[in-house]
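Structure assessment
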Amino acid sequence: EVVDVTGLHLIPGAIDTHVHFREPGYTHKEDWETGTKAAAMGGVTTVFEMPNTNPPTRSVTELRQKQDCAKKASVDFGIYGLLAEDNIDELQGLIDGGVNAFKCFMGNTFGNLPSPSTGAMLEGFEIVAPSGLRISLHAETASIMAWRQARLDAAGRHAPLDHIAARPEVVAIEAVARAAILSEWTGARVHVLHISSAGELRPLAEAKARGVDITGETCPCYLFLTTEDYDRLGSVIRVNPPVREPKDAKAIWEALQTGVVDMIATDHAPHTPEEKHNDIIWKADCGFPGVETQMPLMLTEVAAGRMSLEHYVKISSANPARSFGMYPMKGRIAVGAHADIAAVDMAREEVIRAENLHSLGKITPFEGRKTVGAPVHTLVRGRFVQRDRMLCPGMVGHGRQVTDIQSMPTPEPKNVDQTLATLLTEGVT
Ligand code: DOR
Ligand code: ZN
Ligand code: ZN
């Protein structure tokens, strides 16, 4: 059996270090099976999953529970541990227990996890620093947001753009700057999640310039959606942080080209349509699925000549692998048992339809958007998980936690002859 890949580009599978797969606790929104199938369809071969599940991944007990849920994964994965006010004493246990990174919710969002005080962050960073694990930050300052939101509520204001008024840009700027100082002081590696505004770029770039080990990500919604889409999309567009003005999207795009922003992730945050539709925008749940649509959306930019394919590989795979300690095991083209590959057809035209998504979250602000370029095959460690835009049967459970791949000998995949060697001999552009 041979796959003809003439005319396709083979790129390292995307590494999406920011997904919410909701299990345990919110499996009506998503679970590990549906989430990782969506990833496989999207050319994503590794995901890092966030701890705001129920229960949250706050100690080694919940880590084991999550690892159990993740046995259904079709693609490889990392697991985030929570760094919060009330679990500082659990952090060492999470490190020893095998988390791949930490998540610190500096601002409040889905799951209502209390954001840690600066004191708790300082102590948490001190504990995590020697492990070398990165701490990813939802960089919004809770106290500013709470104040603004209370003022808006008191005034009875619920207009769509008041969602942004409640989270003025300085909310993120202050949080990035503070996190960078704590990182510098403690030596903990940090990562700024979902950069949404131009203002965050300065404290990020300045911290990098003075040698702080800090990386940053943005997501497709901050590049391709703006305040101009609020009327059209209503509460569907609600995401934390909010999408901002066209000038912000432009600045973030440039920063992604120059390397100030290191990578593209998705903040894949599925909810049901009922949870997303609300006349009062901030009563709707925040976020939407993204792991399946990132690659087609970004390849559309590549196809239009606005980014090189080489650069896309850097921001979607190599940089996240480096930042989260997986390079060179992941983040580059490898053969045989370590082949994590997306075969992309740069001419393939598709239309994004929520009903076609493999995520349980059948709603997307990108509904109806035309894309050019798509991953037509996905291989995880030498095995096809997606082929010809169809999921491959029997791959549930193929996914492994990246820590385990590093420490265990990977068995030779059964269909290794169908994998990279075959793909390569069939002719690759
Ligand atoms: O929009 C968001 N959704 N932002 C977050 O920070 C959390 C996420 C979620 O879990 O729904
Ligand atoms: Zn967040
Ligand atoms: Zn998130």
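Just so it is clear, the structure is predicted and the values come from calculations on it, not from any experiment.

Criteria and thresholds
- All chains use their own residue numbering, which begins from 1 and follows the written sequence.
- Chains and ligands are labelled sequentially in the order written, the chains with letters from A and the ligands with numbers from 1.
- Local features in this predicted model are restricted to residues of pLDDT 70 or higher, and side-chain atom pairs are both shown and tallied only at a pLDDT of 80 or more, whereas totals for entire chains, interfaces and linings draw on every residue.
- Note: side-chain values were computed over all heavy atoms of the structure, leaving out hydrogens and water.
- To form a nonpolar core, buried Ala, Val, Leu, Ile, Met, Phe, Trp, Tyr and Cys residues must be joined to one another through side-chain atoms within 4.5 Å.
- Exposed residues in this analysis have more than 50% of their type's maximum accessible area, buried residues have under 20%, and partly exposed residues fall in between, with area computed by a 1.4 Å probe over protein chains only.
- Residue contacts are defined here by distance: any two heavy atoms, one from each residue, within 4.5 Å place the two residues in contact.
- Because water is not among the atoms used, a metal site may look incomplete, as its donors are only the N, O and S atoms within 2.8 Å, or 3.2 Å for Na, K and Ca.
- Helical segments are the DSSP runs of H or I of at least four residues, strand segments are the runs of E of at least two, and each set is numbered from the N terminus.
- Here, a salt bridge means any Lys or Arg side-chain nitrogen found within 4 Å of an Asp or Glu carboxyl oxygen.
- The criterion for an aromatic pair is that two Phe, Tyr or Trp rings (for Trp, the six-membered ring) have centres within 6.5 Å, with stacked assigned to planes under 30 degrees apart, edge-to-face to planes over 60 apart and tilted to the rest.
- Two limits define a charge over a ring: the Lys NZ or Arg CZ must be within 6 Å of the ring centre, and within 35 degrees of the ring normal.

So, about the nonpolar core. Counting residues in each nonpolar core, the largest one holds 100 residues, and the members touching the most others are Phe102, Ile135, Leu137, Met298 and Tyr312. Once residues within four sequence positions are removed from consideration, Leu137 is found in contact with Cys104, Met106, Met121, Phe125, Ala179, Val190, His191, Val192 and Leu193. With 13 residues, the next largest nonpolar core counts Phe48, Met50, Tyr80 and Met329 among its residues.

This part is about the coordination of the zinc ion (ligand 3). Distances from the zinc ion (ligand 3) to its protein donors, namely His18 (NE2), His20 (NE2) and Asp267 (OD), fall within the range 2.0 to 2.1 Å. Sequence spacing of the donors to the zinc ion (ligand 3): H-x1-H-x246-D. In this structure, the zinc ion (ligand 3) lies 3.6 Å away from the zinc ion (ligand 2). In this pair, His20 is assigned in the loop between strand E2 (14-19) and helix H1 (32-41) and Asp267 in the loop between strand E9 (263-264) and helix H12 (273-276), connecting sequence segments 247 residues apart. The residues His20 and Asp267 share a single accessibility class, namely buried.

Here the focus is unusual backbone geometry. At the junction of Asn54 and Pro55, the peptide bond is cis and its omega measures out at 0° in the coordinates. Within the secondary structure, Pro55 sits in the loop between strand E3 (44-49) and helix H2 (60-69). Here Tyr327 and Pro328 are connected by a cis peptide whose omega angle stands at 5°. Position of Pro328 relative to the elements: it lies in the loop between helix H14 (309-323) and strand E10 (341-351). Phi is positive for His194, close to 25°, though the residue is something other than glycine. Positionally, His194 belongs in the loop between strand E7 (190-192) and helix H8 (201-209). On the accessibility criterion, His194 (2% relative accessible area) is buried.

Within the structure shown, the criterion is met by 25 salt bridges. In this structure, Arg189 engages Asp213 in a salt bridge whose closest nitrogen and oxygen atoms are separated by 2.9 Å. Taken together, the positions of Arg189 in the loop between helix H7 (169-186) and E7 and Asp213 in the loop between H8 and strand E8 (214-218) put the pair 24 residues apart, joining distant regions of the chain. The exposure class assigned to Arg189 is partly exposed, which follows from its relative accessible area of 36%. Salt-bridge contacts for Arg232 lead to Asp229; the nearest nitrogen and oxygen are separated by 3.0 Å. What makes Arg232 exposed here is its relative accessible area of 52%.

This part covers the packing of aromatic side chains. By the definition in use, this model includes 7 aromatic pairs. Ring centres 5.5 Å apart and planes at 85° place the aromatic pair Phe21 and Trp32 in the edge-to-face group. Taken as a pair, Phe21 in the loop between E2 and H1 and Trp32 in helix H1 lie far apart in primary sequence, 11 residues in all. Like Phe21, the residue Trp32 is buried in the burial classification. Where Phe48 meets Tyr80, the ring centres are 6.0 Å apart and the plane angle is 80°; that geometry is what we call edge-to-face. Taken together, the residues Phe48 in strand E3 and Tyr80 in strand E4 (residues 76-82) connect sequence positions 32 residues apart. Relative accessible area serves as the criterion here: at 0%, Tyr80 is assigned to the buried category. Through successive ring pairs, a cluster of aromatic residues spans Phe21, Trp32 and Phe77. Between Arg322 and the ring centre of Tyr327, over which it is positioned, the NZ or CZ distance is 3.9 Å. Its guanidinium or amino end placed over the ring of Phe384, Arg387 lies 4.3 Å from that ring's centre, counting from NZ or CZ.

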